[in-house]
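For reference, the chains in residue letters:
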Amino acid sequence: MTIRSLAVPPTDPEVDAWLAVLAAAAATDLPQLPPPSRVEVGGRLRVEPVRGRAACWAADDGSAVAGLVLFTDEANAHTAFLDVLAVHPDARRRGVGTALWQRVREELLADGRTSVSTLVDLGGPGQAFAESVGFENALNMAWYVQDVAERQPQPQEEPAPGYELKTWHGLTPDDWAGPLAQAHGAMEDAPMGDVDEQMETWTAYKLHAAQQLILDRGGEFTTVAAVTPDGEVAAYTELVLPDPAGQRALQYDTVVVPAHRGHGLGRTVKRHMRALAVRRHPALRQIATTVADENTPMRRVNEALGYRRERDAAYFQLKL
């Protein structure tokens, strides 16, 4: 068996082979979830991440794949994120995953990285493999999911007095990109456990680049923000459909700026986003998000909105 690097951009057969591995692994390990979409898989392989350099490998027999993001911002040039390492169920326990991991590790060391992290579902083969090669749990979290199958009209959401709701599909308008980037800074107090990755300083340019990445990969991106009369973004939430025709959306950041907490703005923007999503995406059935176990305020917001804990997960990290 040979481990080879994927072409950049990959060919259609390479995308199909990658998707086949992910689909087979998901059907075995997470049968309760919708299968991976070719739109999402192809987009992630063909469009480089904003924050780093991507490196992807596959076993030449089509039995396993791996993808790595080597961060390029100065604060995180020492670390990387293992986006995926998946082995077809029929090929497991034959050393394929270990061989693939060794190739990933060689890349990390050659690039001068001193740590790497990855998101793992707890209790499954991913955790067992990660621990077997030296990864350790750095931050406990969980996936939460809200069912949105019912299509009845949703009531109009009204924010607390003194705030107005704004919705932006795709790129945030230029005149709001700066205030929204500033609000992103409030994520600095989100629990990070022992993860060896630094929060980046957001700018309007970085904000647009991150949003454009999702669009370029074939997805849809929506922001709902609570704003003040003087042009400040007090709270916001983001919804991503990696595949606009898919059944499952991802809730990205939900943030309330510290000076505006206590007014229910987190619940307001998320409720409004859900109502929009139900109307805009007829195929949508679920909204999923991750929350750190330490983040009690956000877990309470999610519980009040009907999110249920779907499965345990954690950021695992390896010091090289």
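Our subject is the structure listed above.
Residues numbered from 1 in each chain as written. Predicted model: local features only at pLDDT ≥ 70, side-chain atom pairs only at ≥ 80, totals over all residues. Heavy atoms only, no water.

Asker: Requested: an account of the overall build of the protein chain, with residues and values cited.
Answerer: A count of helices and strands for the protein chain gives eight helices and twelve strands. Taking 320 residues into account, the globule formula puts the C-alpha radius of gyration at 20 Å, and the protein chain, at 20 Å, falls close to it. Its C-alpha atoms give the protein chain principal-axis dimensions of roughly 65 × 40 × 35 Å. For the protein chain, with 320 residues in total, the buried portion stands at 49%. (Helix = DSSP H or I, 4+ residues; strand = E, 2+ residues; numbered from the N terminus. Rg over C-alpha atoms; globule rule 2.2 N^0.38 Å. Buried < 20%, exposed > 50% of the residue type's maximum accessible area, 1.4 Å probe, protein only.)

Asker: Tell me about the nonpolar core, and please be specific about residues and values.
Answerer: Across soluble globular proteins, nonpolar side chains show a tendency to be buried alongside one another. Ranked by size, the top nonpolar core spans 27 residues in total, and within it Val224, Ala226, Leu239, Ala249, Leu265, Leu284 and Ile287 carry the most contacts. Counting only elements with at least two residues in this core, the list comes to strand 6 (136-147), strand 8 (220-227), strand 9 (233-241), strand 10 (248-256), helix 7 (265-280), strand 11 (286-292) and helix 8 (296-304). In terms of residue count, the dominant contributor to this core is helix 7 (six residues). For Leu265, the contacting residues outside a window of four places in its chain are Ala160, Tyr163, Ala226, Ala234, Ala235, Val256 and His260. Among the nonpolar cores identified, the runner-up in size contains 24 residues, and Ala80, Leu100, Phe135 and Ala314 belong to it. (Core = buried A, V, L, I, M, F, W, Y, C linked by side-chain atoms within 4.5 Å. Contact = heavy atoms within 4.5 Å.)

Asker: With reference to specific residues and values, describe the pattern of salt bridges.
Answerer: The full count for this structure, using the stated rule, is 22 salt bridges. With a shortest N-O distance of 3.7 Å, Arg38 and Asp12 are connected by a salt bridge. Pair noted here: Arg38 is in helix 2 (residues 38-46) and Asp12 is in helix 1 (residues 12-29), with a separation of 26 residues, a long-range link. Look at Arg38 and you get partly exposed, because its relative accessible area is 33%. Measuring nitrogen to oxygen at the nearest pair gives 2.8 Å for the salt bridge that ties Arg113 to Asp111. (Salt bridge = Lys/Arg side-chain N within 4 Å of Asp/Glu carboxyl O.)

Asker: Residue-level account of the packing of aromatic side chains, with values.
Answerer: With the rule as written, the count across this model stands at three aromatic pairs. Pairing Trp168 with Trp176 gives two aromatic rings, centres 5.8 Å apart and planes at 35 degrees, and the pair type is tilted. In terms of burial, Trp168 and Trp176 fall into one category: buried. Across the ring face of Phe71, the terminal group of Arg51 is positioned such that the distance to the ring centre comes to 4.4 Å. (Phe/Tyr/Trp six-rings, centres within 6.5 Å; stacked < 30°, edge-to-face > 60°. Lys NZ or Arg CZ within 6 Å of the ring centre and 35° of its normal.)

Asker: Talk me through empty space enclosed by the protein; I want residue IDs and the actual numbers.
Answerer: Across all of its chains, the model carries one cavity of 30 Å³ or more by this definition. Taken together, His169, Thr222, Leu239, Leu241, Met273, Leu276, Ala277, Arg280 and His281 make up the full set of residues lining the largest cavity. Broken down by secondary-structure element, the contributors of at least two residues to the lining of the largest cavity are strand 9 and helix 7. If you tally residues by element for the lining of the largest cavity, the top one is helix 7, at four residues. Partitioned by chemical class, the residues of the lining of the largest cavity number five nonpolar, three polar and one charged. (1 Å grid on protein atoms, 1.4 Å probe; cavity = no way out; pocket = protein on both sides within 12 Å on 5 of 7 lines; lining within 4 Å. Points joined across faces, edges and corners; volume = space filled by probe spheres on them. Nonpolar A, V, L, I, M, F, W, Y, C, P; charged D, E, K, R; others polar.)

Asker: Got a sec to walk through the packing of helix 5 (residues 174-184) against helix 6 (residues 204-216)? Specific residues and values, please.
Answerer: As a packed pair, helix 5 and helix 6 sit with axes 8 Å apart at the nearest point and diverge in direction by 95 degrees. As far as their axial angle goes, helix 6 and helix 5 are roughly perpendicular. In this structure, helix 5 uses Asp174, Ala177, Gly178, Leu180, Ala181 and His184 to contact helix 6, whose residues at the interface are Ala204, Leu207, His208 and Gln211. Of the residues assigned to the contact of helix 5 with helix 6, the class counts are five nonpolar, four polar and one charged. (Axes fitted to C-alpha atoms, helices over the stretch in contact; angles between N-to-C directions. Parallel < 35°, antiparallel > 145°, perpendicular 65-115°, else oblique.)

Asker: Can you break down the pairing of strand 12 (residues 308-319) residue by residue, with the values?
Answerer: Pairing between strand 5 (residues 115-121) and strand 12: seven bridges, direction antiparallel. Counterpart to Ser115 in the pairing with strand 12 is Lys319. (Pairing = 2+ DSSP bridges.)

Asker: How would you sum up the environment of Gln198? Please name residues and give values.
Answerer: Take Gln198: it is sitting in the loop between helix 5 and helix 6. For Gln198, a relative accessible area of 43% corresponds to the partly exposed category. Along the primary structure Gln198 and Arg113 are separated by 85 residues, whereas in three dimensions their C-alpha atoms are 14 Å apart. Sequence-distant contacts of Gln198, defined by excluding residues within four places in its chain, comprise Arg51, Ala75 and Asn76.

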